[in-house]
Amino acid sequence: MQLNGKTALVTGGGRGIGQGIAMALAKAGADVAVADLDIKIAEETTAKVEALGRRSIALQVDVSSSESVNMLIQAVQEYFGQLDIAVNNAGIISIHSVEELSAQEWDRVMAVNAKGTFLCTQAELEVMRPRRYGRIVNVSSIAGKVGFPNLSHYSASKFAVIGFTNAVAKEVASDGVTVNALCPGVVGTGMWRGEDGLAGRWREEGETEQASWERHQKTLLPQGEAQTPEDMGQLVVYLACAEHVTGQAIAVDGGFSL
Ligand code: NAI
């Protein structure tokens with residue numbers, strides 16, 4: 001699968017899954033714009049992409065702001081002159097029972113995960129549709145296919161991403177643009193690891209964060225081990241190459257959601 005001559009954008013590309021996707025696209029031959037709320041980490045990914053011999057630019061964005069997203073797409077257009085592949089990956093999580101979940105926290109998570117996906121897709125389509133070519137991949141989650149306790153707001157935002165993806169795919173199918181969703185299972189990024197990650201927060205009494213991480217992999221995952229950012233990158237490269245796959249929500253979860 002070759003992406004030479006293609007240009008890609010990855011939001012939330014400064015670390016974790018986004019960085020894995022940026023690297024996979026670059027290895028397949030694409031030039032990659034790396035956008036993140038944190039410009040410093042976006043620059044780190046850009047340096048890694050450039051080390052592979054591809055062009056890259058780091059851009060600051062807050063995907064929950066339409067102004068910021070529009071400026072991002074304009075900057076990508078100016079730098080590369082085109083946009084072929086867009087991966088709307090930026091996302092946030094928090095843990096709350098539905099009883100203690102505040103309206104503000106609901107809005108915060110929805111603003112990044114659901115509204116952010118809408119804003120990015122809308123702006124990307126504006127440059128893709130006239131060229132009658134585009135590949136959009138929205139990063140949902142297996143929490144967008146099944147509900148998880150204490151993650152109701154997160155699950156709602158990720159179900160929204162899948163519904164949105166499915167509808168928009170049909171809307172733009174005749175314009176040469178495909179729109180799919182990637183549903184990661186469990187990946188050992190900042191979302192899971194560390195004191196503030198899910199492994200840190202879901203510890204049993206006296207358990208270390210590392211032991212919690214290992215327990216979660218063993219108990220949750222049929223394969224007994226987490227997926228990697230590279231696994232996610234492989235599916236994105238496939239979707240970037242595929243012409244007739246659209247509207248799908250594909251899990252890369254080692255059988256977790258079965
Ligand atoms: P992460 O927390 O390691 O990385 C997320 C990146 O998004 C960070 O670089 C952060 O700065 C950026 N970001 C956050 N808010 C932003 C905003 N408003 N605008 C622009 N950038 C923003 O998380 P990870 O694990 O790499 O997650 C990436 C995506 O994958 C997210 O959408 C997440 O919901 C999804 N996912 C992750 C899973 C996992 O096990 N790690 C499982 C299922 C889905």
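Quick notes on the rules
- Residues numbered from 1 in each chain as written.
- Predicted model: local features only at pLDDT ≥ 70, side-chain atom pairs only at ≥ 80, totals over all residues.
- Heavy atoms only, no water.
- UniProt positions renumbered as here; feature names shortened; annotations may be inferred.
- Pairing = 2+ DSSP bridges.
- Helix = DSSP H or I, 4+ residues; strand = E, 2+ residues; numbered from the N terminus.
- Axes fitted to C-alpha atoms, helices over the stretch in contact; angles between N-to-C directions.
- Salt bridge = Lys/Arg side-chain N within 4 Å of Asp/Glu carboxyl O.
- Buried < 20%, exposed > 50% of the residue type's maximum accessible area, 1.4 Å probe, protein only.
- Near = heavy atom within 4 Å.
- Polar contact = N/O pair within 3.5 Å; in protein donor to acceptor, adjacent residues only side chain to side chain.
- Areas by Shrake-Rupley, 256 points an atom, 1.4 Å probe, with all protein chains shown as cover.
- Nonpolar A, V, L, I, M, F, W, Y, C, P; charged D, E, K, R; others polar.

Under an unreviewed UniProt entry, the name given to the protein chain is SDR family oxidoreductase, and the organism recorded is Vreelandella venusta. Among the UniProt annotations of the protein chain, the heading Sequence similarities (unreviewed entry) holds the following wording: "Belongs to the short-chain dehydrogenases/reductases (SDR) family."

Q: What should I look at first to understand the sheet that holds strand E4 (residues 85-88) in this one?
A: The pairing of strands in a sheet comes from backbone hydrogen bonds and takes either a parallel or an antiparallel form. Taking strand neighbours across the sheet as the criterion, the 7 strands line up as E3-E2-E1-E4-E5-E6-E7 in an open arrangement whose pairing is parallel. Looking at which strands have only one partner, the edges of the open sheet turn out to be strand E3 (56-60) and strand E7 (249-252). Strand-to-strand, the axes of this sheet are offset by a mean angle of 20°, without reference to chain direction. Two strands pair when backbone bridges link them, and strand E5 (residues 134-139) and strand E6 (residues 177-184) are joined in this way by 6 bridges, in the parallel orientation. Following the sheet pairing, Gly134 is matched in E6 by Val177.

Q: Help me understand unusual backbone geometry, please; the structure alone is not making it clear to me.
A: What you tend to see is this: most non-glycine residues have negative phi, and most peptide bonds are trans. Look at Arg132: it is not a glycine, yet its phi comes out positive at around 55°. The topology assignment puts Arg132 in the loop between helix H4 (103-128) and E5. In this structure, Asn150 is a non-glycine residue whose phi angle is positive, near 70°. Position of Asn150 among the secondary structure elements: in the loop between E5 and helix H5 (152-172).

Q: Explain the environment of Leu119 here, please?
A: Summarising the element assignment, Leu119 is placed in helix H4. Along the sequence, Leu119 and Asn88 sit 31 residues apart, while their C-alpha atoms lie 9.8 Å from each other.

Q: Would you explain the pattern of salt bridges in this entry?
A: Charged atoms that come close allow side chains of opposite charge to pair. The tally for this structure, following the rule as stated, stands at 8 salt bridges. Here Glu105 and Arg108 are joined by a salt bridge, their closest N and O atoms 2.9 Å apart. Of this pair, Glu105 and Arg108 both sit in helix H4, separated by 3 residues, roughly a single helical turn. Among the residues examined, Glu105 registers a relative accessible area of 12% and is labelled buried. Asp175 is paired through a salt bridge with Arg132; the nearest N and O atoms lie 3.6 Å apart. Residue Asp175 is found in the loop between H5 and E6, and its partner Arg132 is found in the loop between H4 and E5; the two are separated by 43 residues along the sequence.

Q: Explain the site of the ligand to me, please; I cannot follow it from the model alone.
A: Of all residues adjacent to the ligand, which total 28 residues, the nearest are Arg15, Asp36, Tyr154, Val187 and Thr189. One nitrogen or oxygen atom from the side chain of Arg15 is found 2.7 Å from an oxygen atom belonging to the ligand. For the ligand, an oxygen atom lies 2.8 Å from a polar atom in the backbone of Val187. Against a free-state accessible area of 830 Å², the protein chains account for coverage of 94% of the ligand. Mapped onto the shell around the ligand, the elements with two or more residues apiece are helix H1 (16-27) and H5. In terms of residue class, the shell around the ligand is built from 15 nonpolar, 9 polar and 4 charged.

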